[in-house]
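# Fold and geometry: a report
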Amino acid sequence: PSVESVLPTLTGSEVLILDQCLWTSRERDLFDKVIGLDPVKRRLLRTVEALRASRHDKTADHYGPYSSLFKGSNGQSNVSGVMLYGPPGCGKSMLVRALASSSNLPCLVVAPSVLLRKYFGDTNQQIRSLFTLLSKLAPCILCIDELDGLFRERNDSEHEVTRELKTEFLQWLDGMMTSPAAHPILVIGATNRPFDVDSAVLRRLPQSFFVGYPERIGRKHLLSVFLK
């Protein structure tokens, strides 16, 4: 469904999240601006194609939230989560935007300020509204930039609000992942510090790609693009 077609069905909270998080672009050649990283781009495009196919595949044999780990590497499995990691400034966020633009799928880019709220219980309500919005927009992409900032490893000194945020988010994410044919949602997390991300979140992102500095050929191509 298009974003416009689901607007009449949205609640007030869902409309506010959509207004803050929906990423739109008129450009269709963003992938050409991402220099190098060809293997990562091919895998991401294959993942989106599997996401589209899962919506119409009624005979798929799912093994639960990690079904992609048991179905081989033929590209037909339902991949629920991807993590992009590497040094800053190498194109992680641009890769997500290029993927959303080329696939013509709705993309929600979530920041901590969208979910965190002042009053008790409001944060959980925001997460609930986020996932009900995603289910109405599906198939779609959920991007969590700076993943370590929102889902840092849990510890005893952590504030109760952030702990509840992670618990609520993971519970809703598990609910979506156990029925990928009904809610084909691709979750992409980008981070510079993967070792700081909560291990429970990492388990729900079964695919990970390193986005590093460009090699010599990539640097030459990048320089020619800038000189234009």
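Conventions used here
- Residues numbered from 1 in each chain as written.
- Predicted model: local features only at pLDDT ≥ 70, side-chain atom pairs only at ≥ 80, totals over all residues.
- Heavy atoms only, no water.
- Buried < 20%, exposed > 50% of the residue type's maximum accessible area, 1.4 Å probe, protein only.
- Helix = DSSP H or I, 4+ residues; strand = E, 2+ residues; numbered from the N terminus.
- Pairing = 2+ DSSP bridges.
- Phe/Tyr/Trp six-rings, centres within 6.5 Å; stacked < 30°, edge-to-face > 60°.
- Contact = heavy atoms within 4.5 Å.
- Axes fitted to C-alpha atoms, helices over the stretch in contact; angles between N-to-C directions.
- pLDDT = per-residue confidence, 0-100.
- Core = buried A, V, L, I, M, F, W, Y, C linked by side-chain atoms within 4.5 Å.
- Parallel < 35°, antiparallel > 145°, perpendicular 65-115°, else oblique.
- Nonpolar A, V, L, I, M, F, W, Y, C, P; charged D, E, K, R; others polar.
- Salt bridge = Lys/Arg side-chain N within 4 Å of Asp/Glu carboxyl O.

Extensive coverage of strand β5 (residues 185-191) is indicated by the burial of seven of its seven residues. Where strand β4 (residues 140-145) lies against β5, six bridges are found, and the strand directions are parallel. Residue isoleucine 141 lies in a different strand from β5, and its bridge partner there is leucine 186.

Next up on the list: unusual backbone geometry. A cis amide bond links alanine 138 to the next residue, proline 139, at an omega of 0°. With respect to the element layout, proline 139 can be found in the loop between α7 (122-137) and β4. The phi dihedral of asparagine 104 is positive, around 60°, even though this residue is not glycine. Taking the relative accessible area as the measure of exposure, asparagine 104 reaches 56% and is therefore exposed. Its identity is not glycine, yet glutamate 146 carries a phi of approximately 50°, on the positive side. Looking at where glutamate 146 falls in the secondary structure, it is placed in the loop between β4 and α8 (147-150).

A few words now on the packing of aromatic side chains. Overall, the coordinates contain four aromatic pairs when judged by the stated rule. An angle of 15° between the planes, with centres 6.1 Å apart, marks the rings of phenylalanine 131 and tryptophan 172 as stacked. Note that phenylalanine 131 is positioned in helix α7 and tryptophan 172 in helix α9 (residues 160-177), a separation of 41 residues in sequence. With relative accessibility at 2%, the residue phenylalanine 131 sits in the buried group. When the ring of phenylalanine 151 is compared with that of phenylalanine 169, the centres are 4.9 Å apart and the planes differ by 55°; the resulting orientation is tilted.

As a further point, take the environment of leucine 186. Tracing the sequence through the fold places leucine 186 in strand β5. Among the residues examined, leucine 186 registers a relative accessible area of 0% and is labelled buried. In sequence terms leucine 186 and proline 139 are 47 residues apart; their C-alpha atoms lie 7.9 Å from each other.

What the six strands build is an open sheet, ordered β1-β3-β4-β5-β2-β6; its pairing is mixed. Edge positions in the sheet fall to β1 (22-23) and β6 (207-210), since each of these pairs with one other strand and no more. When strand β2 (residues 81-85) meets β6, the two strands line up parallel, connected through four bridges. Each residue of the ladder has a partner; that of valine 82, found in β6, is glutamine 207. Across the sheet, α7 touches β3 (107-110), β4 and β5, and the angle it forms with β3 is around 165°.

All right, on to the confidence of the model for the chain then. Segments scoring low in pLDDT should not have their predicted coordinates read at a detailed level. Overall, the predicted model of the chain reaches an average pLDDT of 79, with 84% of residues at or above 70. Per-element mean pLDDT across the chain ranges from 75 in helix α3 (residues 30-33) up to 92 in β2. Taken together, the stretch residues 58-79 has pLDDT below 50 and engages in 31 contacts with residues farther than four places along the chain or on a different chain.

Time to look at the nonpolar core. Within the largest apolar cluster, 34 residues are counted, with the highest numbers of intra-cluster contacts made by Leu108, Leu115, Leu130, Leu142 and Phe169. The biggest single contributor to this core is α7, with six residues. Those residues in contact with leucine 115, other than ones at most four positions away along the chain, are Val110, Thr123, Gln126, Ile127, Leu130, Leu150, Leu165 and Phe169. Grouped together as the second largest cluster of nonpolar side chains are 24 residues, Leu44, Val82, Leu99 and Leu186 included.

What follows deals with the packing of helix α2 (residues 12-21) against α7. At a closest axis distance of 9 Å, the pairing of α2 and α7 adopts a crossing angle of 80°. What the angle tells us is that α2 and α7 run roughly perpendicular. For the pair α2 and α7, contact is made by Ser13, Glu14, Ile17 and Leu18 and by Gln126, Ser129, Leu130, Thr132, Leu133, Lys136 and Leu137, respectively. Looking at the contact of α2 with α7 residue by residue, the class counts come to five nonpolar, four polar and two charged.

Another point: the pattern of salt bridges. When the charged atoms of two side chains lie near each other, side chains of opposite charge can form a pair. One pass over the structure, following the stated rule, counts six salt bridges. For lysine 136, the salt bridge goes to glutamate 14, with nearest N and O atoms at 2.9 Å. On the criterion of sequence distance, the pair formed by lysine 136 in helix α7 and glutamate 14 in helix α2 is long-range, its members being 122 residues apart. Under the relative-accessibility criterion, lysine 136 is labelled partly exposed at 27%. The class for glutamate 14 is buried, based on a relative accessible area of 3%. One salt bridge connects arginine 152 with aspartate 196, and the closest N-O pair in it is separated by 3.4 Å. Pair noted here: arginine 152 is in the loop between α8 and α9 and aspartate 196 is in the loop between β5 and α10 (199-203), with a separation of 44 residues, a long-range link.

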